[in-house]
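Letter by letter, the chains look like this.
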Amino acid sequence: YEDEFVYNGKEKSVRLLGLPEGVRVEAYVGNKGVDAGGYTAEAKLRYKHKENFEAPSVPELRWRIAKRPLDLSEIRWDYDDETVFVYDDKVKEVKLEGVPEDIEVVYTDNSKINAGTYTARARLIYDTRNCEAVEIPDLKWRIYRAKYDTSAVHWDYDEPFEYDGTEKHITL
C-alpha cells in the first residue's frame, strides 16, 4: 500500500510484502474493504525457530479508500440567455440535462406559471458515502410578462357629434 485507493464498488485489500524467510502471515484483520473510508490493518505473524528468534512484529497500517468523484461534466441547465418564457397561463419549467442515470435530482423553484424572476436549485441524490460531487450552481430564470393584443381595439367614434344639449360619449 503506497497511495489511497479510489472507490469503484470492488473490494480492495492490503497485505504485507518483504517478510523475512521463516516468517509468514497467519491472519489479517482489517486489510479488506469495499466502501470509501479509513481502515486499520493488522497482521498476526507465525514464525519458525522460536527458540532462536524474538517474535517478529509489524506496526498496524492505516489505509484509505477515497470517495470517487462523480463526472458531472455533461450536466447543464436547459435554460440560457436564448431561452424566452412568456406568461401564457401554462407551467414553465427548467431542468438539468446530461444527468448520469445513477443520480436523482430534486428541484426547488424550477416550475412556475406567473411572470417573474426565479432562482431554481437542484440537489443531487447519489451514494454520498462512496462518491462526491460538486454542487450544481443555482439558476436565475425568468418568465416575461405577456402583452395584450390590442391591434383590433378602436374607439366607436366615426364622425363628429352635433350639439343637441345632451351628453355624448365614446367607448372602446
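Look up: the structure comes first, before these words.
Q: Could you clarify how one ought to interpret the sheet that holds strand β6 (residues 61-66) in this entry?
A: Here we have 4 strands laid out as an open sheet, ordered β1-β6-β5-β3, and mixed in their pairing. Both outer strands of the open sheet, β1 (5-6) and β3 (23-29), are each paired with one neighbouring strand and no more. The pairing of strand β5 (residues 37-47) with β6 spans 5 bridges and is antiparallel. Considered in β6, the bridge of Thr40 is made with Arg62.

Q: What am I meant to see in the sheet that holds strand β12 (residues 104-108) here?
A: In sheet architecture, strand pairing relies on hydrogen bonds along the backbone and comes in two forms, parallel and antiparallel. If you walk across this open sheet you meet the 4 strands as β9-β16-β14-β12, and the pairing is mixed. The sheet is open, and its two borders are formed by β9 (85-86) and β12, each paired with just one other strand.

Q: Is there a simple way to explain the packing of aromatic side chains in this structure?
A: Between two aromatic rings, the relevant description is the distance of the centres plus the angle of the planes. The tally for this structure, following the rule as stated, stands at 10 aromatic pairs. Note on Tyr118 and Trp141: the rings are 5.4 Å apart at their centroids and 40° apart in plane angle, and the pair reads as tilted. A residue pair is termed long-range when its members are at least 10 positions apart, and Tyr118 in strand β14 (residues 116-125) and Trp141 in strand β16 (residues 139-144) qualify at 23 residues.

Q: Can you help me understand the nonpolar core in this one?
A: Here is a general trend for soluble globular proteins: nonpolar side chains tend to be buried in one another's company. Membership of the largest hydrophobic core comes to 26 residues, with the highest contact counts inside it found for Trp77, Val94, Leu96, Ile136 and Trp141. At the level of elements, β5, β6, β14 and β16 are the ones that each hand at least two residues to this core. No other element matches the 4 residues that β14 contributes to this core.

Q: Hey, could you run me through a negative patch on the surface in this one?
A: A contiguous patch of negative charge on the surface is contributed by Asp156, Asp158, Glu159 and Glu162. Structurally, Glu159 can be placed in the segment after β16.

Q: Sorry if this is basic, but what is going on with the environment of Glu82 here?
A: Position of Glu82 relative to the elements: it lies in the loop between β8 (76-77) and β9. Taking C-alpha positions, Glu82 is 31 Å from Tyr126, a pair spaced 44 residues apart along the chain.

Q: I would appreciate a short explanation of the environment of Gly116 in the present structure.
A: Relative to the helices and strands, Gly116 resides in strand β14. With a relative accessible area of 23%, Gly116 lands in the partly exposed category. Residues Gly116 and Ile143 lie 27 residues apart in sequence; the distance between their C-alpha atoms is 5.3 Å. Excluding residues within four positions of it along the chain, Gly116 makes contact with Trp141, Arg142 and Ile143.

Q: Can you help me understand the pairing of β6 in this one?
A: A regular strand places its side chains so that they alternate between the two faces of the sheet. The pairing of β1 with β6 spans 2 bridges and is classified as parallel. The partner of Phe5 across the bridge, within β6, is Ile65.

Q: What am I meant to see in the side chain of Asn110 here?
A: Turning to its location among the elements, Asn110 is positioned in the loop between β12 and β13 (111-112). Of the residues examined, Asn110 reaches a relative accessible area of 9% and is grouped as buried. Within the structure, Asn110 has its side chain in polar contact with the backbone oxygen of Val94 (distance 2.9 Å). Non-local contacts of Asn110, meaning those with residues more than four positions away in its chain, are made with Lys92, Glu93, Val94, Lys95, Ala120 and Trp141.

Q: What am I meant to see in unusual backbone geometry here?
A: One can expect most non-glycine residues to show negative phi and most peptide bonds to be in trans. In this structure, His49 is a non-glycine residue whose phi angle is positive, near 55°. Position of His49 among the secondary structure elements: in the loop between β5 and β6. In this model, Asp109 sits at a positive phi of 55°, which is unusual for a non-glycine residue. Residue placement: Asp109 occurs in the loop between β12 and β13. By relative accessible area, Asp109 is classed as partly exposed at 34%.

Here is what the cut-offs are and how they apply
Each chain carries its own residue numbering, running from 1 in the direction its sequence is written. Reporting in this predicted model follows two pLDDT cut-offs: at least 70 for local features of residues, and 80 or more for side-chain atom pairs to be given and counted; totals over whole chains, interfaces and linings ignore these cut-offs and use all residues. Only heavy atoms go into the side-chain values, all of them from the structure, while hydrogens and water stay out. At least two bridges found by DSSP between two strands is the condition for calling them paired. Helix and strand definitions follow DSSP, with helices as H or I runs of at least four residues and strands as E runs of at least two, each counted in order from the N terminus. Ring pairs are drawn from Phe, Tyr and Trp, using the six-membered ring of Trp, whenever the two centres fall within 6.5 Å, and their geometry is named by plane angle: stacked under 30 degrees, edge-to-face over 60, tilted for the rest. As used here, the term nonpolar core means buried Ala, Val, Leu, Ile, Met, Phe, Trp, Tyr and Cys residues forming a set that is joined through side-chain atoms within 4.5 Å. With a 1.4 Å probe rolled over the protein chains alone, any residue whose accessible area is under 20% of its type maximum counts as buried; one over 50% counts as exposed, and the rest are partly exposed. Like charges within 9 Å and nonpolar side chains (Val, Leu, Ile, Met, Phe, Trp, Tyr) within 5 Å are joined into patches, using only residues over 30% in relative accessible area that form no salt bridge. We get accessible surface area from the Shrake-Rupley algorithm with a probe of 1.4 Å; when it comes to residues, only the shown protein chains can shield them. Salt bridge, as used here: a side-chain nitrogen of Lys or Arg that lies within 4 Å of a carboxyl oxygen of Asp or Glu. By the counting scheme adopted, Arg and Lys are positive, Glu and Asp are negative, and His together with the chain ends is not counted. Just so you know, the charge point we use is NZ for Lys, CZ for Arg, CG for Asp and CD for Glu. Contacts were defined at the residue level, with two residues in contact if any of their heavy atoms lie within 4.5 Å. Polar contacts, as counted here, are pairs of nitrogen or oxygen atoms within 3.5 Å of one another; within protein the pair requires one atom able to donate a hydrogen and one able to accept it, and residues that are adjacent in sequence qualify only if both atoms are side-chain atoms.

Shape descriptors only; they carry no functional weight alone.
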